[in-house]
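Structure at a glance
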Amino acid sequence: MVNKPVRNSLLCPNCRKLISRSAQQCPYCNLKNPSSKIKNNFFTTSLSNSDQLVTTLISINVVLFTISILIDPKISSFQFSPFNFLSPSHQSLLVLGSTGTIPLFHLERWWSLLAANYLHGGLLHILFNMLALRQLAPLVIQEFGTYRTISIYTLGGVAGFLISALAGVGFTIGASAALCSLIGALLYYGKSRGGVYGQAIFSQIGGWALGIGIFGFLFPGINNWGHGGGMLAGVLLAFALGYQDRKKESMAHKFLAMCCATATLLVLCWSCFNGIIFMIL
Ligand SMILES: [Zn+2]
């Protein structure tokens, strides 16, 4: 006789420990109604390892980059220069959601504050940013958790671009404001945690911040306001959300991340829809 598996237990959506499905409260983390459908959704239970988030972010960036090149084939990208090799046109980036004073204050495309984080101006631009993401994100995920990382990345990118628009930057794109938010969060973490490990993180990441600052002043066209604004936002977000050593990720962190991810998904769908309309007309 084969026993039918009875699903009378589940993993707590907050602390991931095995608990009874009928429990009113998780005995480990005291989460109320741990079996509720809202708390046990795909999002709160699926992002268990850091690789998933990094791979997802890189894939989204690559897809958007490909679309930005494909929707406007009349590009100047075949001039042989490493800086504009495979560059989408200005028009195509505007359609998909480049942000700045013109898209925000003249065209009222507020959604571009989010969309621009996933757009890049050329092969080297996306390559550098994705390499930086690959380096920085796993450390942020380790110290803050996957869900807080999503919020720091999303909100920091938006804040960086908003600050750069308020400072008068006309057009801007790229993952670097969001990456600078990760840097800001790690700087806060290193300083706040202290000790040998905290100091090591602080000086290693401080090196990144310094490098980005020097790079920004040496090369034209770098959005230093976006970088600085993103970094500042990262520090504030890290302070507000806390990190694993002090406060484990909670359901509230997961909900904030879910809002960020949903908003990003909707905005990027809208961005692609705009791209398709632009291509048809
Ligand atoms: Zn629990």
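Values in this document were obtained by computation on a predicted structure and should not be read as measured data.

1. Things to note about the packing of helix H8 (residues 176–193) against helix H9 (residues 195–218)
Viewed as axis vectors pointing N to C, H8 and H9 meet at an angle of 150°, and their least axial separation amounts to 7 Å. On the basis of their axis angle, the class for H8 and H9 is roughly antiparallel. The way H8 lies across H9 gives a crossing that is left-handed. For the pair formed by H8 and H9, the contact residues are Cys180, Ile183, Leu186, Leu187, Tyr189, Gly190, Lys191 and Arg193 on the first element and Gly195, Tyr197, Gly198, Gln199, Ile201, Phe202, Ile205, Gly206, Trp208, Ala209 and Ile212 on the second. Considered class by class, the residues forming the contact of H8 with H9 number twelve nonpolar, five polar and two charged.

2. What about the coordination of the zinc ion?
Protein coordination at the zinc ion: the donors are Cys12 (SG), Cys15 (SG), Cys26 (SG) and Cys29 (SG), at 2.3 Å from the metal. With four donor atoms in place around the zinc ion and angles of 106 to 115° between them, the coordination shape is tetrahedral. The sequence pattern describing where the donors of the zinc ion fall on their chain is C-x2-C-x10-C-x2-C. Of this pair, Cys15 sits in the loop between strand S1 (9–11) and strand S2 (18–20) while Cys26 sits in the loop between S2 and helix H1 (42–46); the two residues are eleven residues apart in sequence, bridging distant segments of the chain. Here Cys15 falls in the partly exposed class, since its relative accessible area comes to 24%. Assessed through its relative accessible area of 1%, Cys26 is described here as buried.

3. A word on the side chain of Asn223
Checked against the element boundaries, Asn223 lands in the loop between H9 and helix H10 (224–241). There is a polar contact of 3.1 Å between the side chain of Asn223 and the side chain of Ser164. With residues up to four places along the chain from it excluded, the contact list for Asn223 reads Phe161, Ser164, Val169 and Thr172.

4. Quick notes on the side chain of Asn41
Relative to the helices and strands, Asn41 is located in the loop between S2 and H1. When its relative accessible area of 19% is taken as the criterion, Asn41 is described as buried. At 2.8 Å, the side chain of Asn41 and the backbone nitrogen of Thr44 are in polar contact.

5. Observations regarding the packing of helix H7 (residues 146–166) against H8
Relative orientation of the contacting elements H7 and H8 amounts to 120°, with a least axis distance of 7 Å. Accordingly, the angle class assigned to the pair H7 and H8 is oblique. The way H7 lies across H8 gives a crossing that is right-handed. On H8, the residues touching Thr149, Ile152, Tyr153, Gly156, Gly157, Gly160 and Phe161 of H7 are Ala177, Ala178, Leu179, Ser181, Leu182 and Ala185. The residue inventory of the contact of H7 with H8, partitioned by class, reads eight nonpolar, five polar and no charged.

6. Considerations on the domain arrangement of the protein chain
Accessible area lost upon the coming together of the parts is a frequently used measure of interface size. Domain boundaries assigned for the protein chain yield domain 1 (13–34 + 41–48) and domain 2 (49–280). Between the C-alpha centres of domain 1 and domain 2 there is a distance of 31 Å. Across the contact, eleven residues belong to domain 1 and 13 residues belong to domain 2. Between domain 1 and domain 2 lies a buried interface of about 1,000 Å² when both sides are counted; carbon and sulfur atoms form 61% of it. One can count zero salt bridges joining domain 1 with domain 2. Counting every contact that joins domain 1 to domain 2 gives five residue pairs in polar contact (both at pLDDT 80 or more).

7. Side note on the nonpolar core
Phe144, Tyr153 and Leu182 are the most contacted members of the largest nonpolar core, which totals 63 residues. A total of eleven residues in this core trace back to one element, the largest contributor, which is H8. Not counting residues within four places of it along the chain, the set of residues in contact with Leu182 comprises Leu133, Leu136, Ala137, Val140, Thr149, Ile152 and Tyr153. Counting six residues, the second-largest nonpolar core is a separate cluster that includes Leu10, Ile19, Leu31 and Met251.

8. Notes on the environment of Tyr197
Mapping Tyr197 onto the fold places it in helix H9. Spatially, the C-alpha atom of Tyr197 lies 27 Å from that of Thr55, the residues being 142 residues apart in sequence. Once residues within four sequence positions are removed from consideration, Tyr197 is found in contact with Leu139, Gln142, Glu143 and Tyr189.

9. Let's talk about the pattern of salt bridges
Under the criterion given, the structure shown has two salt bridges. Among the ionic pairs, Arg134 bridges to Asp51, the shortest N-O distance being 3.9 Å. Residue Arg134 is located in helix H6 (residues 123–144), and its partner Asp51 is located in helix H2 (residues 50–70); the two are separated by 83 residues in the primary sequence. Residue Arg134 is classed as partly exposed on the basis of its relative accessible area of 40%. A relative accessible area of 42% places Asp51 in the partly exposed class. Between Arg193 and Asp245 there is a salt bridge; the shortest N-O distance is 3.1 Å. Within this pair, whereas Arg193 is found in helix H8, its partner Asp245 is found in the loop between H10 and helix H11 (251–280), the two being separated by 52 residues in sequence. In this structure Arg193 comes out as partly exposed when scored by relative accessible area, which is 36%.

What counts and how
- Residues numbered from 1 in each chain as written.
- Predicted model: local features only at pLDDT ≥ 70, side-chain atom pairs only at ≥ 80, totals over all residues.
- Heavy atoms only, no water.
- Axes fitted to C-alpha atoms, helices over the stretch in contact; angles between N-to-C directions.
- Helix = DSSP H or I, 4+ residues; strand = E, 2+ residues; numbered from the N terminus.
- Parallel < 35°, antiparallel > 145°, perpendicular 65-115°, else oblique.
- Left-handed = near helix turned anticlockwise from the far one by under 90°.
- Contact = heavy atoms within 4.5 Å.
- Nonpolar A, V, L, I, M, F, W, Y, C, P; charged D, E, K, R; others polar.
- Donors = N, O, S within 2.8 Å, 3.2 Å for Na, K, Ca; no water.
- Tetrahedral: all angles 85-135°; square planar, octahedral: opposite > 155°, others 65-115°.
- Buried < 20%, exposed > 50% of the residue type's maximum accessible area, 1.4 Å probe, protein only.
- Polar contact = N/O pair within 3.5 Å; in protein donor to acceptor, adjacent residues only side chain to side chain.
- Domains from an automatic or database assignment.
- Buried area = accessible area lost by both parts, 1.4 Å probe.
- Salt bridge = Lys/Arg side-chain N within 4 Å of Asp/Glu carboxyl O.
- Core = buried A, V, L, I, M, F, W, Y, C linked by side-chain atoms within 4.5 Å.

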